[in-house]
4 protein chains.
Amino acid sequence: MDIGMIGLGRMGGNMAERLRRGGHNVVGYDRDPQISDVAGLEELVERLPAPRAVWVMVPAGDPTRQTIHRLGELLEPGDVVVDGGNSHYVDDQKHGEELAAKGIGFVDCGVSGGVWGLENGYALMVGGDEEHVKRLMPIFETLKPEGEYGFVHAGKVGAGHFVKMVHNGIEYGMMQAFGEGYELIAASGLVTNVPETFRSWKEGTVIRSWLLDLMVRAMDDDPELSGIRGYAQDSGEGRWTVQAAVDHAVPLPVITAALYARFASRQDDSPAMRVVAALRNQFGGHAVESAKGADSAGADVEAPSV
Amino acid sequence: MDIGMIGLGRMGGNMAERLRRGGHNVVGYDRDPQISDVAGLEELVERLPAPRAVWVMVPAGDPTRQTIHRLGELLEPGDVVVDGGNSHYVDDQKHGEELAAKGIGFVDCGVSGGVWGLENGYALMVGGDEEHVKRLMPIFETLKPEGEYGFVHAGKVGAGHFVKMVHNGIEYGMMQAFGEGYELIAASGLVTNVPETFRSWKEGTVIRSWLLDLMVRAMDDDPELSGIRGYAQDSGEGRWTVQAAVDHAVPLPVITAALYARFASRQDDSPAMRVVAALRNQFGGHAVESAKGADSAGADVEAPSV
Amino acid sequence: MDIGMIGLGRMGGNMAERLRRGGHNVVGYDRDPQISDVAGLEELVERLPAPRAVWVMVPAGDPTRQTIHRLGELLEPGDVVVDGGNSHYVDDQKHGEELAAKGIGFVDCGVSGGVWGLENGYALMVGGDEEHVKRLMPIFETLKPEGEYGFVHAGKVGAGHFVKMVHNGIEYGMMQAFGEGYELIAASGLVTNVPETFRSWKEGTVIRSWLLDLMVRAMDDDPELSGIRGYAQDSGEGRWTVQAAVDHAVPLPVITAALYARFASRQDDSPAMRVVAALRNQFGGHAVESAKGADSAGADVEAPSV
Amino acid sequence: MDIGMIGLGRMGGNMAERLRRGGHNVVGYDRDPQISDVAGLEELVERLPAPRAVWVMVPAGDPTRQTIHRLGELLEPGDVVVDGGNSHYVDDQKHGEELAAKGIGFVDCGVSGGVWGLENGYALMVGGDEEHVKRLMPIFETLKPEGEYGFVHAGKVGAGHFVKMVHNGIEYGMMQAFGEGYELIAASGLVTNVPETFRSWKEGTVIRSWLLDLMVRAMDDDPELSGIRGYAQDSGEGRWTVQAAVDHAVPLPVITAALYARFASRQDDSPAMRVVAALRNQFGGHAVESAKGADSAGADVEAPSV
């Protein structure tokens, strides 16, 4: 079918390519005129037959908001917009209402797959009205992996990005669990063959998983992970997961701990721990020390042995 | 090769069966005479040709300790004992020393696989001297899954059970991550198709894993998991993982949170939260309330709106 | 000085009383005509001499927003509004801008003290411009405790409620720490004199504090806290603290754990733990069990001892 | 009364001094002959009238074990030993049994007070038989603070050190709560007067406490705590608290998080986070980066805005 693709970066470009390979007619727009098929959104809308389908694949936040607002001005009743970016589900709900007021459909679609997606397909998590999702099914069928999984119509508008957000939250927890296990094994001094231990877990264990496979790949390149700093960014989705949990009064200790471990990994020195150190110095009665190696406080008992 | 198997319960019995199917000669002993090949450990030892190999598959703790101690009395220099149970790695180290003093080899082997192991093979994590592990390789080859993974010689005595223990700790974290994600999705009210959401994740996502497959199976039986109480036991291995981490000063926030969630799941009423409730009542100045629904305290401001 | 007090509930009423005792002229308004000095906000504004000071003490959220918006319509340039409720600091920032556009000053004031405040004074945490804070100092001086502490001008608009919010977050962590300590002592079976243990800590220890005093008071009434359910609500401020931390990428493990413990205390059955239980059943190969007492899964080894 | 004091370091020396000021006859022994009253334990025992009381104030672990074992050889039935160090409660139970077999009493005494104790008294938490505790009351009365608090006979042998251990666990949680609150306030950019904010909390707030007082003292010396590294040791007691909780299946999320924050504060680079970073690199499809500033992975969507 015909579809417009707005945003032809790494993700959007590959998705357009997979759609073309699947026989669809994709009109692509990008800010970069070198890779764009059209000069602007107006031309993109003109080039698509009504009722139109337009896939938005631009960064979450203002870029997506502005794009969808502009599409609301350009499109006609009966057209449908898909937001395939990483938008917050509350944004989706606003966009859905804004477009619905003009008779334009809106579907949010969480996409997983990264660089592997072009060849293997993208996992798609979709929110929206049955009617709009149905219309877009030929597109989803082409983008998704070939097997029987990898696509879900999770619920109404917002549900697609919501479950993608939670997927990422689960991912945080799983990654941290592997990290903690690795650290304990490495610290034990008992295990002389760490990479082979992880590799062996690829079969017959409860924790076998794609993340384990990736961990083994990483250790193939760098068995002691010595070339990597213990430093991790977080995407907005981990934060949103925790904030949604707090909104819903859902305890999320594991996912939150994983998020906080990333925050802490980016600190050279923890202000909270400066307070703890200062307090130990106060009640231990020692002079304050500034050197990291020189712990000076808190021994309640200091006595010779006999 | 010839091997003695002590303990023919669900795990030991299946392992003996897999070994026999693989062409080994297994002499089995169990307290239950109906399933035992021999009358006692003495006969088991007699029936095995020297140098002997004996696999111990009895509950961790005293049963294992007593069995290994008794084998130390019955076996001869050059024999080798495998502890395939869930022993603590520190116990292994003691057993290894005790047997080494008599010239008897000791190998600890963490086993994963549960009821699936008879057909699919068992993941094996082994600790011990190269010499003893090598001697037992025909046994390990038969027990392990058919592919290239599922076996590791992780390090010296204790390393096998140590990495199995950590495997279980990682498993705790992963399971809790899935649980938390499920709870948040269910609480959101946005997602009308929860089981299909999890099913869709089986392909193309970062979190695809055997645990996800099992979760989908569980939802096939009971889509809302309504027949299951939110109540989980813990095996000793989760606790040992946390205690080992504390011994080694390794922060383990995710695995520990998962363990604590299990502890909390078994409480009808949290004593800690009784304190929190009592304190809120004290500084809120309210009478103490006993009914769950009647929250009475802590509103710092209570004022009419205009 | 002259001041209007909007909202004469438990907090506002007591604060008006403390101000009157301190010699101030308070014009009070409440929705309840029985306790209101005036018929409405119009009359309240009329009865105050310019430049006016008006203290808003109504519930956070819409009631406060509506009240402040209405004051913006009624007041004149040079007047000043104090929000003494539990507003979110981001609301303060909006209110400050809205009023500033009309030449009206705005000060946010976090208030601590509960029912003890009328006699002992209220701890006040204030945000706003120096000029407005200075004008209100006679009011703050009367409301605060008599000693040298209990008042701070923490920063610009929003800072007052921000630090009050963090105060409450710290309070959550401290309360949970006491609760956990209590639970462990009670579980140990070693300690026959639990209330006296806590009472003894009131002097000479590192943890002596007002919360400890309150805990001892609670145990004086109910030594085993047996009349209290382990169930705790949370005010919005604990949630806001966590959400602000996530916004600022600040790891807050203790305060968040305390908040989550409250969330969990309000659940009869944890959906997350249903998943964990279901997974254990799956890989343990057991039938799903519904009874709480009947743990059925997860024992990897089940074998007789010798 | 007469008492022997073994170990005259900072704690033991000050306690001996406080006892002498209180009219007791103290015979002190220390490895350092310059400060010791006697040449060895034999002479100490000889110099005390029967039935003897001996206070052991040496480091926990082997020094205490060896001292108590030696006292078991030197003392007579009817004598009593106090362990005032930081021993683990399980050690106490062993020592109590060992001495009881010889008719010698044993009392364990957790001591809080640090350098402030000589003048202000020490908080004492005692475990043991009523008979032995009663005999030692003149000593406890002199050591404890002057007010009505600061002493408890918590239960049988082990209970004293157990509750002191839990006291320290609570202390960890409270300190971390203050640290987290500080960090969030500092990160907010809203609060221009951080030390005065904490100082103001000394009256009228829920979190007023000795630790808050100490924090204000620390900020008096160093308002931004800029001279202190965010690095904190942990005494054994925090670890023991967590391990006891795991033994008793008591969830301790706050105290454990506080302990883990200390562990993490001592790491230059987190091995767990190296795994997380490696995994993000793998599924993000990026080359592995070693520089801290160069985050390279995980952006699922990379697209131009329109």
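In the nomenclature of an unreviewed UniProt entry, chain A corresponds to 6-phosphogluconate dehydrogenase from the organism Thermomonospora cellulosilytica.

### Brief notes about the UniProt feature "active site" (unreviewed entry) in chain A
All names here are of chain A. Within this structure's numbering, the places UniProt gives as "active site" (unreviewed entry) are Lys 164. Mapping Lys 164 onto the fold places it in helix α8 (residues 159–188). The exposure class assigned to Lys 164 is buried, which follows from its relative accessible area of 0%.

### Notes on the nonpolar core
Within the largest apolar cluster, 236 residues are counted, with the highest numbers of intra-cluster contacts made by Phe198(A), Phe198(B), Phe198(C) and Phe198(D). Setting aside its immediate chain neighbours within four residues, Phe198(B) contacts Phe178(B), Tyr182(B), Ile185(B), Leu212(B), Met215(B), Val216(B) and Met219(B).

### Some remarks on the pattern of salt bridges
Applying the stated rule across the entire model yields 72 salt bridges over all chains. With a shortest N-O distance of 3.0 Å, Asp37(C) and Arg20(C) are connected by a salt bridge. Taken as a pair, Asp37(C) in the loop between β2 (25–29) and α2 (41–47) and Arg20(C) in helix α1 (residues 10–21) lie far apart in primary sequence, 17 residues in all. Accessibility expressed as a relative area gives 38% for Arg20(C), which makes it partly exposed. Taking the shortest distance from any N to any O, the salt bridge between Asp91(D) and Arg65(D) comes out at 3.0 Å. Here Arg65(D) lies in helix α3 (residues 62–74) and Asp91(D) lies in helix α4 (residues 89–100), a separation of 26 residues in the sequence. For Asp91(D), a relative accessible area of 11% translates into the label buried.

### Some remarks on the interface of chain C and chain B
Counting from both sides, the interface comprises 83 residues of chain C and, opposite them, 83 residues of chain B. At the boundary of chain C with chain B, total buried surface from both sides reaches about 7700 Å², with 61% on carbon and sulfur atoms. For the interface between chain C and chain B, the tally reads two salt bridges. Arg229(C) is paired through a salt bridge with Asp269(B); the nearest N and O atoms lie 3.4 Å apart. Here chain C is connected to chain B by 12 residue pairs in polar contact (both at pLDDT 80 or more).

### What about the environment of Phe140(A)?
Tracing the chain through its elements places Phe140(A) in helix α7 (residues 137–143). For Phe140(A), the contacting residues outside a window of four places in its chain are Trp55(A), Val107(A), Cys109(A), Leu124(A), Val126(A), Val133(A) and Phe151(A).

### Concerning the relation of the copies chain C and chain B
Of the transformation placing chain C onto chain B, the axial shift is 0.0 Å and the rotation is 180 degrees, giving an RMSD of 0.0 Å. One copy is carried onto the other by what is essentially a two-fold rotation axis. A shared interface surface links the copies, since 99% of the contact residues of chain C are contact residues in chain B too.

Definitions and cut-offs
- Residues numbered from 1 in each chain as written.
- Chains lettered and ligands numbered in written order.
- Predicted model: local features only at pLDDT ≥ 70, side-chain atom pairs only at ≥ 80, totals over all residues.
- Heavy atoms only, no water.
- UniProt positions renumbered as here; feature names shortened; annotations may be inferred.
- Helix = DSSP H or I, 4+ residues; strand = E, 2+ residues; numbered from the N terminus.
- Buried < 20%, exposed > 50% of the residue type's maximum accessible area, 1.4 Å probe, protein only.
- Core = buried A, V, L, I, M, F, W, Y, C linked by side-chain atoms within 4.5 Å.
- Contact = heavy atoms within 4.5 Å.
- Salt bridge = Lys/Arg side-chain N within 4 Å of Asp/Glu carboxyl O.
- Buried area = accessible area lost by both parts, 1.4 Å probe.
- Polar contact = N/O pair within 3.5 Å; in protein donor to acceptor, adjacent residues only side chain to side chain.
- Least-squares fit on C-alpha atoms with pLDDT ≥ 70 in both.

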